[in-house]
Amino acid sequence: MNFDRRTLLGGMAGGAALAPFLAVEQAMAAKAPPNLRDIDAQAAEAHVQLMQVPGLHMHGDEDVVMLLYPGFTALDLVGPHYFFASMMGATVHLATNQSDLSPVPSDLGLAIAPTITLAQAPREPTVVFVPGGTTGTLEAAADPATLAYVKTASARARFTTSVCTGSVVLGAAGLLKGRRATSHWAVREALGHFGAIPVNERVVIDGAIVTGAGVSAGLDFALALVSMIRGRPYAEALMLQGEYSPQPPFRGGTLETTDPAIAGPFADMFAGLAARVQTLPVAP
């Protein structure tokens, strides 16, 4: 039987959402060879069992706005997008801060096609999300239209979020004052420039502000946020669906766990980025 990930999870959404799925499944099972009919029936029963797991809130109507700007880091966005877009019933908007819907190039050249412009983006989203980058992020953090949308939408959003240096945009919009927040290690301490309290953690939750550390932390961040929106059992289901069980081939990934011969020069290479963050205007 063929189905996509959202359809699979949709089968666990409740009676109304489950019925069409089971009807199709039953029709296919009737045409299937005898040895597959039992398997299809077992799958249908498993869906019913899974939707009965306590706290498994499989269906919603969230609006998730994910910002796109030239020079963003693709994995900052694509990792969380996988989990957000897998939430049955949620609508994920890829909102460009450019004037049209042309593909937006990432810092390494991978372009993503936006679905809306900021002018068209929901003013009361469930989630506002900002990915990071380097020079592109500095430009976004100095762009009045981008900051205006993030600040205005944040006032009505359930969660305002970022991964990596995307927290710099939140800071420049005046949203991190007195808040605990994290970012990529290269600019984490520079968040203090915006009145934030820098925290060296993978995911930091301070009320409605949820920030993730650098790049790959977007997966951890997104699962944490999904658990807050739909419950831990749903997040666990997506975690299994994505087979997210990281086993890096060697220790590292932070300044503290990387060979000093590598970490030292690497930190110096990024020092200019942190310095530039601290020249950005601070919102009143």
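One can find the structure itself at the top, above this paragraph.
Residues numbered from 1 in each chain as written. Predicted model: local features only at pLDDT ≥ 70, side-chain atom pairs only at ≥ 80, totals over all residues. Heavy atoms only, no water.

(A) Molecular detail of the overall build of the chain. Helix and strand counts for the chain stand at 11 helices and 11 strands. Counting over 284 residues, the chain shows a buried share of 47%. A fraction of 67% describes how many contacts in the chain between residues 6 or more apart in sequence connect residues 24 or more apart. Accessible area for the chain stands at about 13600 Å²; split by element, carbon and sulfur atoms hold 59% of it. (Helix = DSSP H or I, 4+ residues; strand = E, 2+ residues; numbered from the N terminus. Buried < 20%, exposed > 50% of the residue type's maximum accessible area, 1.4 Å probe, protein only. Contact = heavy atoms within 4.5 Å. Areas by Shrake-Rupley, 256 points an atom, 1.4 Å probe, with all protein chains shown as cover.)

(B) A look at the packing of aromatic side chains. Applying the stated criterion to the full structure yields 8 aromatic pairs. Here the aromatic rings of Phe 84 and Phe 129 are separated by 6.3 Å at their centres, their planes lie at 75°, and the arrangement is edge-to-face. Of this pair, Phe 84 sits in helix α4 (residues 74–85) while Phe 129 is found in strand β6 (residues 127–130), placing the two residues 45 residues apart along the sequence. Of the two residues, Phe 84 and Phe 129, neither departs from the other in class, the shared state being buried. (Phe/Tyr/Trp six-rings, centres within 6.5 Å; stacked < 30°, edge-to-face > 60°.)

(C) Representation of the packing of α4 against helix α8 (residues 217–230) within the structure. As a packed pair, α4 and α8 sit with axes 8 Å apart at the nearest point and diverge in direction by 25°. Taken together, the axes of α4 and α8 are roughly parallel relative to one another. Our pair here, α4 against α8, has a crossing hand that is right-handed. Only Gly 218, Leu 219, Phe 221, Ala 222, Leu 223, Leu 225 and Val 226 of α8 make contact with α4, whose side of the interface consists of Gly 79, Pro 80, Phe 83 and Phe 84. Its residues assigned to classes, the contact of α4 with α8 shows 9 nonpolar, 2 polar and no charged. (Axes fitted to C-alpha atoms, helices over the stretch in contact; angles between N-to-C directions. Parallel < 35°, antiparallel > 145°, perpendicular 65-115°, else oblique. Left-handed = near helix turned anticlockwise from the far one by under 90°. Nonpolar A, V, L, I, M, F, W, Y, C, P; charged D, E, K, R; others polar.)

(D) Representation of the nonpolar core in the model. Membership of the largest hydrophobic core comes to 70 residues, with the highest contact counts inside it found for Met 66, Phe 72, Phe 84, Val 168, Phe 221, Leu 225 and Val 226. Excluding anything up to four places from it in sequence, Leu 225 contacts Phe 84, Val 127, Phe 159, Thr 161 and Val 210. (Core = buried A, V, L, I, M, F, W, Y, C linked by side-chain atoms within 4.5 Å.)

(E) Broad picture of the sheet that holds strand β10 (residues 203–206). With mixed pairing, 7 strands are arranged side by side in an open sheet as β5-β2-β1-β6-β7-β11-β10. Edge positions in the sheet fall to β5 (116–117) and β10, since each has one partner strand and no second. Note: strand β1 (residues 63–68) against strand β2 (residues 91–96), 6 bridges, orientation parallel. When the bridges of β2 are listed, Leu 68 appears paired with Thr 96. (Pairing = 2+ DSSP bridges.)

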